[in-house]
Amino acid sequence: MLDFIGTIAFAISGIRLASAKHFDLFGAYVVGVTTAVGGGTMRDLMLGTSPFWMTDPVYLICSGIALVWVMIFGKYLIRQNNTWFLFDTIGLAVFTVTGIERTVAAGFPFWTAIIMGTITGAAGGVFRDVFINEEPLIFRKEIYAMACVIGGLFYYACARLGTDNITAGIVCGAMVVAMRLLAVKYKLRLPILKGEEAQQ
Amino acid sequence: MLDFIGTIAFAISGIRLASAKHFDLFGAYVVGVTTAVGGGTMRDLMLGTSPFWMTDPVYLICSGIALVWVMIFGKYLIRQNNTWFLFDTIGLAVFTVTGIERTVAAGFPFWTAIIMGTITGAAGGVFRDVFINEEPLIFRKEIYAMACVIGGLFYYACARLGTDNITAGIVCGAMVVAMRLLAVKYKLRLPILKGEEAQQ
Amino acid sequence: MLDFIGTIAFAISGIRLASAKHFDLFGAYVVGVTTAVGGGTMRDLMLGTSPFWMTDPVYLICSGIALVWVMIFGKYLIRQNNTWFLFDTIGLAVFTVTGIERTVAAGFPFWTAIIMGTITGAAGGVFRDVFINEEPLIFRKEIYAMACVIGGLFYYACARLGTDNITAGIVCGAMVVAMRLLAVKYKLRLPILKGEEAQQ
């Protein structure tokens, strides 16, 4: 259930950015789907299985709902910003937990699972930004993927302390949500590397 | 045979766009190959098999022929635009049918097969546009991927009506060609989402 | 050992370009990792195995060393340009040999192995350039991927002449290094396709 809300929220973020670039309906839908399922697709390919959405249409249907939602509400979406930000954060948390659990179940070590959790949560947004031809947002602004990493470390701590999966998942998800809300509230950012000028 | 014509036509579209960006011969060839085999590569990875071109060099050879063709004809290619547009459309149709049939053969449901057919036909062009650092053309202009989707629905209808694979493939391919020709002739486009301004 | 030096050098090239674009620490690290392991990841996915770095943390640790190195030396990295250029070239050679050997071991024909060697060496830099939203450097400037192809042809020649793998690998790697050094010293470039103007 939280899974579907997260999928819709992720898809909406893709569709809004695509519409700001004047993509057509098909393009906006593809960018929405990619934002929603891109991270999990990359995880599944790396784990050696076919992408999860290929056997269950619900994720593409959620993205379709997101498209209709954006078409209906259009400019009024801005008023819903706080709501969708919350749903997007819930999605980030759920996807992180899913990614961790599937990777552990596939027999990989825990540090790999944390990376896969982060990829599941954050890679969809990177693909979105590549498609709309922008530098990926999560590489420049916002604590986003770091929230997944920290949540993953808490999952690991729970597992080491011997809690069951459900508890570990809840703690991990709550930490992801908390980290992201705190980061936005206090405008936390990672330091920016003092760069030389462009090398090329 | 139609397969090879389609591969050459796809590669030529990639090489032309790469040359407009002043890529060198190697870069142009890579963009050409990616346009030609990128969609099928993505399909094969998602189906869990190694990309089709890794065991049969003919697709890379077709891309090489495309490179030589562009080098020889250079600016005169514009006069051949209608011919290459037709071959490109034939390629789109053939790739869509191939994608559908391989996905069904791998045991996935039909809606997944239609998506895989569309990816086989259209994803190569998306990779091409990412490489040349443009917003993907099919997300903004032209009925292109939608022709694959509609062709796929006709394939499904044929399958439900009990026709053999060859008939279904021909009907599907003919619909893809017809849709694209009609779309270009009547300048059909999908509506553009009324966007808010950029969100970032 | 050469493997690790190459990984660090590749990661540094990614991190420097990311810092020139004002990416934050996380973004710079991800771009560094992608540059270092992106080529091998693509190879492994195409060969049908999970990416090599998922079971051995050393590659991510090398990327972390690269990040610390860039943070410490900052602007003084320019003075180390020749050193890192050499290490980068050694990495290119090592990655090419690894890619060829794994592909042959997986039972693919030799021409596929040469392509996979080239992808292992050069694709990471393409992903880097997609992430920082630039046209891939290797498509426009420098003999880089062609050095991998030529090294691969020498590997094949050695194999046909009946040498053992170690000799073939050394010859291949030496050729990659030689080709790249020569290309830079004499400013060799591939010809640029005389393009029409943009087609879109």
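This write-up is about the structure you can find in this document.

### Comments concerning the relation of the copies chain B and chain A
Note: a rotation about an axis with an accompanying shift along it relates these two copies of the chain.
Line of reasoning, step 1. Of the two same-sequence chains, chain B is brought onto chain A (RMSD 0.0 Å, axial shift 0.0 Å) by a rotation of 120 degrees. Taken together, the rotation and translation relating the two chain copies correspond to the operation of a three-fold axis.
Line of reasoning, step 2. Interface overlap between copies is the fraction of interface residues in one copy that are interface residues in the other; for chain B against chain A it is only 18%, indicating separate surfaces.

### Concerning the side chain of B:Arg43
Residues and elements named next belong to chain B.
Line of reasoning, step 1. Tracing the chain through its elements places Arg43 in helix α2 (residues 25-47).
Line of reasoning, step 2. Polar contacts involving the side chain of Arg43 include one to the side chain of Asp44, which spans 3.0 Å.
Line of reasoning, step 3. Other than its neighbours up to four places away in sequence, Arg43 contacts Phe52, Thr98, Gly99, Arg102, Met116, Ile119 and Thr120.

### Looking at the interface of chain B and chain A
Line of reasoning, step 1. Residue-level contacts link 33 residues of chain B with 41 residues of chain A.
Line of reasoning, step 2. Between chain B and chain A, a total of about 3000 Å² is buried, with carbon and sulfur atoms accounting for 68% of that surface.
Line of reasoning, step 3. Connecting chain B to chain A are one salt bridge.
Line of reasoning, step 4. Among the ionic pairs, A:Lys21 bridges to B:Glu135, the shortest N-O distance being 3.3 Å.
Line of reasoning, step 5. For the pair chain B and chain A, the number of links is six residue pairs in polar contact (both at pLDDT 80 or more).
Line of reasoning, step 6. Among the secondary structure elements, those contributing two or more residues to the side of chain B that touches chain A are α2, α5 (110-131) and α6 (145-160) of chain B.
Line of reasoning, step 7. Taken together, the residues of the side of chain B that touches chain A sort by class into 20 nonpolar, six polar and seven charged.

### Some remarks on the relation of the copies chain C and chain B
Line of reasoning, step 1. Overlaying chain C with chain B gives an RMSD of 0.0 Å, the required rotation being 120 degrees about an axis along which the chain moves by 0.0 Å.
Line of reasoning, step 2. When the interface residues of chain C are mapped onto chain B, a mere 18% of them are again interface residues, pointing to distinct binding faces.

### Considerations on the environment of A:Ala9
Residues and elements named next belong to chain A.
Line of reasoning, step 1. Of note, Ala9 is situated in helix α1 (residues 2-20).
Line of reasoning, step 2. For Ala9, a relative accessible area of 3% puts it in the buried group.
Line of reasoning, step 3. Here the alpha-carbon distance between Ala9 and Thr118, two residues 109 residues apart in the chain, equals 17 Å.
Line of reasoning, step 4. Apart from residues no more than four positions distant in its own chain, Ala9 is found in contact with Trp84, Phe87 and Asp88.

### Examining the interface of chain C and chain B
Line of reasoning, step 1. Facing the 33 residues of chain C at the interface are 41 residues of chain B.
Line of reasoning, step 2. Each partner contributes to the roughly 3100 Å² buried at the junction of chain C and chain B, and carbon and sulfur atoms together form 68% of this total.
Line of reasoning, step 3. Summed over the shared surface of chain C and chain B, the number is one salt bridge.
Line of reasoning, step 4. Applying the counting rule to chain C against chain B returns six residue pairs in polar contact (both at pLDDT 80 or more).
Line of reasoning, step 5. Elements with a minimum of two residues in the side of chain C that touches chain B: α2 (25-47), α5 (110-131) and α6 (145-160) of chain C.
Line of reasoning, step 6. The biggest single contributor to the side of chain C that touches chain B is α5(C), with six residues.
Line of reasoning, step 7. Taken together, the residues of the side of chain C that touches chain B sort by class into 20 nonpolar, six polar and seven charged.

### Topic: the side chain of A:Ser13
Residue and element names in this part refer to chain A.
Line of reasoning, step 1. In this structure, Ser13 sits in helix α1.
Line of reasoning, step 2. A distance of 3.0 Å separates a polar atom in the side chain of Ser13 from a polar atom in the side chain of Arg128.
Line of reasoning, step 3. Ignoring sequence-local partners within four residues, the contact set of Ser13 consists of Thr35, Asp88 and Arg128.

### With respect to the nonpolar core
Line of reasoning, step 1. In terms of nonpolar packing, the biggest core is built from 169 residues, with A:Trp53, A:Phe139, B:Trp53, B:Phe139, C:Trp53 and C:Phe139 touching the most fellow members.
Line of reasoning, step 2. Of all the elements, α2(C) adds the most residues to this core, at eleven residues.
Line of reasoning, step 3. Among all residues touching C:Trp53, those that are not within four sequence positions of it are A:Met46, A:Trp111, A:Ile115, A:Met116, C:Val37, C:Thr41, C:Tyr59 and C:Leu60.

### Re the pattern of salt bridges
Side chains carrying opposite charge are able to pair once their charged atoms draw close together.
Residue and element names in this part refer to chain C.
Line of reasoning, step 1. Considering all chains together, one arrives at 15 salt bridges over all chains under this definition.
Line of reasoning, step 2. Between Arg128 and Asp129 there is a salt bridge; the shortest N-O distance is 2.9 Å. The pair Arg128 / Asp129 is uniform in exposure class, with both members buried.

### Concerning unusual backbone geometry
Residue and element names in this part refer to chain C.
Line of reasoning, step 1. One non-glycine residue, Asn133, lies in positive phi territory at about 60 degrees.
Line of reasoning, step 2. Turning to its location among the elements, Asn133 is positioned in the loop between α5 and α6.
Line of reasoning, step 3. Asn133 sits in the buried class, given a relative accessible area of 18%.
Line of reasoning, step 4. Unlike most non-glycine residues, Lys187 shows phi in positive territory, near 50 degrees.
Line of reasoning, step 5. In this structure, Lys187 sits in the segment after α7 (165-185).

### Comments concerning the state of the cysteines
All names here are of chain A.
Line of reasoning, step 1. Following the criterion strictly, the structure yields zero disulfides over all chains and no others.
Line of reasoning, step 2. Cys158 takes part in no disulfide bond, and the closest cysteine sulfur, belonging to Cys172, lies 8.4 Å away.
Line of reasoning, step 3. Given the relative accessible area of 9%, Cys158 is considered buried.

### Considerations on helix α4 (residues 81-105) of chain C
For an α-helix, the turn length of 3.6 residues means that residues three or four places apart are oriented alike.
Line of reasoning, step 1. In this model α4(C) runs 36 Å from its N-terminal to its C-terminal C-alpha over 25 residues, within 8% of the 36 Å that 1.5 Å per residue would give.
Line of reasoning, step 2. Downstream of α4(C) by one or two residues, C:Gly107 has phi in the positive range, about 90 degrees.

Basis of the calculations
- Residue positions are given per chain, counted from 1 along the sequence in the order it is written.
- The order in which chains are written sets their letters, starting at A; the order in which ligands are written sets their numbers, starting at 1.
- At least 70 in pLDDT is required for a residue's local features to be given in this predicted model, at least 80 for side-chain atom pairs to be given and counted, and no such filter applies to totals for whole chains, interfaces and linings, which use all residues.
- Working from all heavy atoms in the structure, the side-chain values ignore hydrogens and water.
- For the least-squares superposition of copies, only C-alpha atoms count, and only for residues with pLDDT at least 70 in both.
- What makes two residues a contact is simply this: any of their non-hydrogen atoms within 4.5 Å.
- The secondary structure listing takes helices from DSSP runs of H or I that are at least 4 residues long and strands from runs of E that are at least 2 residues long, numbered from the N terminus.
- For the purposes of these results, a polar contact is taken to be a pair of N or O atoms within 3.5 Å, where, inside protein, one atom must be able to donate a hydrogen and its partner to accept one; residues adjacent in sequence count only when each atom of the pair is a side-chain atom.
- The term buried area refers to how much accessible surface (probe radius 1.4 Å) is lost by two components on association, counted for both of them together.
- A pair is scored as a salt bridge if a Lys or Arg side-chain nitrogen falls within 4 Å of a carboxyl oxygen belonging to Asp or Glu.
- Under the convention adopted here, Pro, Cys and the residues Ala, Val, Leu, Ile, Met, Phe, Trp and Tyr are nonpolar, Asp, Glu, Lys and Arg are charged, and Gly plus all remaining residues are polar.
- Throughout this description, buried means an accessible area under 20% of the type-specific maximum (1.4 Å probe, protein chains only), exposed means over 50%, and partly exposed covers the range between.
- Among buried residues, the Ala, Val, Leu, Ile, Met, Phe, Trp, Tyr and Cys ones that are joined through side-chain atoms within 4.5 Å form a nonpolar core.
- To count as a disulfide, a pair of cysteine sulfur atoms needs to be within 2.5 Å.
- One fewer than the residue count of a helix, multiplied by 1.5 Å, yields its expected span.

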